Amino acid sequence: FEPVSVGIAIGAVSLTGYLSYSDWYCRFTECCREDRPLNASALKLDLEEKLFGQHLATEVILKALTGFRNNKNPKKPLTLSLHGWAGTGKNFVSQIVAENLYPKGLKSNFVHLFVSTLHFPHEQKTKLYQDQLQKWIRGNVSACASSVFIFDEMDKLHPGIIDAIKPFLDYYEQVDGISYRKAIFIFLSNAGGDLITKTTLDFWRAGRKREEIQLKDLEPVLSVGVFNNKHSGLWHSGLIDKNLIDYFIPFLPLEYRHVKMCVRAEMRARGAAVDEDIVTRVADEMTFFPKDEKIFSDKGCKTVQSRLDFH
Ligand SMILES: Nc1ncnc2c1ncn2[C@@H]1O[C@H](COP(=O)(O)OP(=O)(O)OP(=O)(O)O)[C@@H](O)[C@H]1O
């Protein structure tokens, strides 16, 4: 036998062996698999089929995630800031994103959800929260570089806590020997929701379709609005003026027709046939604003599930 070809053959066998072993192993236990490319068409289909009335969020999230995951050498972690009125789909989209990155979604060991009022309720404990959060992020990113961190209720988060995560979001190659460049941070907040609603209403009043609203109509209003809003959490945290947020993603207020779509989706999810009478009744029970025109749902699709229980 010729030693070089034997060496290559052994190498090839052990590589395939390793690959099939890791495939086999990952079937039984959850694996980080940070280099696995994102299935962009599956994400696109999910967003287009499940998320109603959010053409901008669909477009930006799809572009941002596929671009980031296809980049073998990102210069910083991906940071998305989702803004909008209550019940418009911010948590829902985070769940879709999580499921497309890790099959277990929000239950994955590599996806971490923080809710300000639940995890960081006391302002006087900021120092403690800062330490705990830094340790948690450091530990989890060193275990899985492509970990996902979702921060809900950013507008209620004490700015000191955001300061604690700031170093991880920056362009550093490594922080204390760990690279954070493959991690994904998603921030959710209601801040800027009033400005998004105003623009959407202006379009409606001008007789223009909401699908005509472009990112450029909202992005400047949004970053300025959020920046000037002292309750936004991002305010004076330096995240914005240091350009650490990659994408501001607006969620538009939902209309009557979208609420109906949510009711239908919920009925299907429960395995029931869609009953249009019930769909109309549930949608009619929701409240809408502004007072005169009654176009947008006050709570988006948020109370649809509980209202459906009554029918
Ligand atoms: N645009 C949407 N398309 C489809 N379903 C939606 C949409 N918005 C909301 N829903 C439904 O309503 C539920 C509540 O919405 P979600 O929790 O995502 O709202 P949110 O924007 O995060 O609100 P909040 O700011 O109050 O936290 C979702 O689980 C989903 O079932």
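As shown above, the structure is provided for reference.
Here goes a summary of the coordinates provided. Remember, it's a predicted structure, so these values are computed and weren't measured experimentally. (Residues numbered from 1 in each chain as written. Predicted model: local features only at pLDDT ≥ 70, side-chain atom pairs only at ≥ 80, totals over all residues. Heavy atoms only, no water.)

A closer look at the overall build of the protein chain
Right, on to step 1. What the protein chain contains, in helices and strands, is 12 helices and seven strands.
Right, on to step 2. Taking all 311 residues of the protein chain together, the buried fraction comes to 48%.
Right, on to step 3. Taking the contacts inside the protein chain whose residues are at least 6 apart along the sequence as the reference set, 76% of them involve residues at least 24 apart.
Right, on to step 4. When the accessible area of the protein chain is evaluated, it comes to approximately 16,300 Å², of which 56% is carbon and sulfur surface. (Helix = DSSP H or I, 4+ residues; strand = E, 2+ residues; numbered from the N terminus. Buried < 20%, exposed > 50% of the residue type's maximum accessible area, 1.4 Å probe, protein only. Contact = heavy atoms within 4.5 Å. Areas by Shrake-Rupley, 256 points an atom, 1.4 Å probe, with all protein chains shown as cover.)

So, helix 11 (residues 276–285)
Right, on to step 1. Of all the positions in helix 11, only I278, V279, V282 and A283 are classed as buried. Looking down the long axis of helix 11, one finds its buried residues gathered within 130 degrees of arc, a one-sided arrangement.
Right, on to step 2. On its buried face, helix 11 is in contact with helix 10 (256–269), strand 6 (288–289) and helix 12 (304–308).
Right, on to step 3. One side-chain oxygen of the residue at the start of helix 11 lies 2.9 Å from the amide nitrogen of D277, identifying that residue as D275. (Arc of directions from axis to C-beta. Polar contact = N/O pair within 3.5 Å; in protein donor to acceptor, adjacent residues only side chain to side chain.)

What to know about empty space enclosed by the protein
It is the rolling of a water-molecule-sized probe over the atoms that shows where space remains empty.
Right, on to step 1. Counted by the stated rule, this structure contains three cavities of 30 Å³ or more.
Right, on to step 2. Along the walls of the largest cavity sit E34, D35, F68, R69, N71, K72, P74, S146 and K182, which together make up its complete lining. (1 Å grid on protein atoms, 1.4 Å probe; cavity = no way out; pocket = protein on both sides within 12 Å on 5 of 7 lines; lining within 4 Å. Points joined across faces, edges and corners; volume = space filled by probe spheres on them.)

Comments concerning helix 7 (residues 159–169)
Right, on to step 1. Of all the 11 residues making up helix 7, eight are buried; the element is thus mostly covered by neighbouring parts of the structure.
Right, on to step 2. Close packing links the buried residues of helix 7 with strand 1 (78–84), helix 6 (126–143), strand 3 (148–152) and strand 4 (184–189).

Considerations on the layout of surface pockets
Right, on to step 1. Looking at the largest pocket, its volume works out to about 790 Å³.
Right, on to step 2. Surrounding the largest pocket, 30 residues form its lining, G87, G89, F92, C301 and Q305 being those nearest its centre.
Right, on to step 3. Taken together, the elements giving at least two residues each to the lining of the largest pocket come down to helix 2 (40–50), helix 4 (90–101), strand 4, helix 10 and helix 12.
Right, on to step 4. For the lining of the largest pocket, the residue count by class is 13 nonpolar, eight polar and nine charged.
Right, on to step 5. Shared between two domains, the lining of the largest pocket holds at least three residues of each, these being domain 1 (40–251) and domain 2 (256–308).
Right, on to step 6. Space inside the second largest pocket adds up to approximately 190 Å³. (Nonpolar A, V, L, I, M, F, W, Y, C, P; charged D, E, K, R; others polar. Domains from an automatic or database assignment.)

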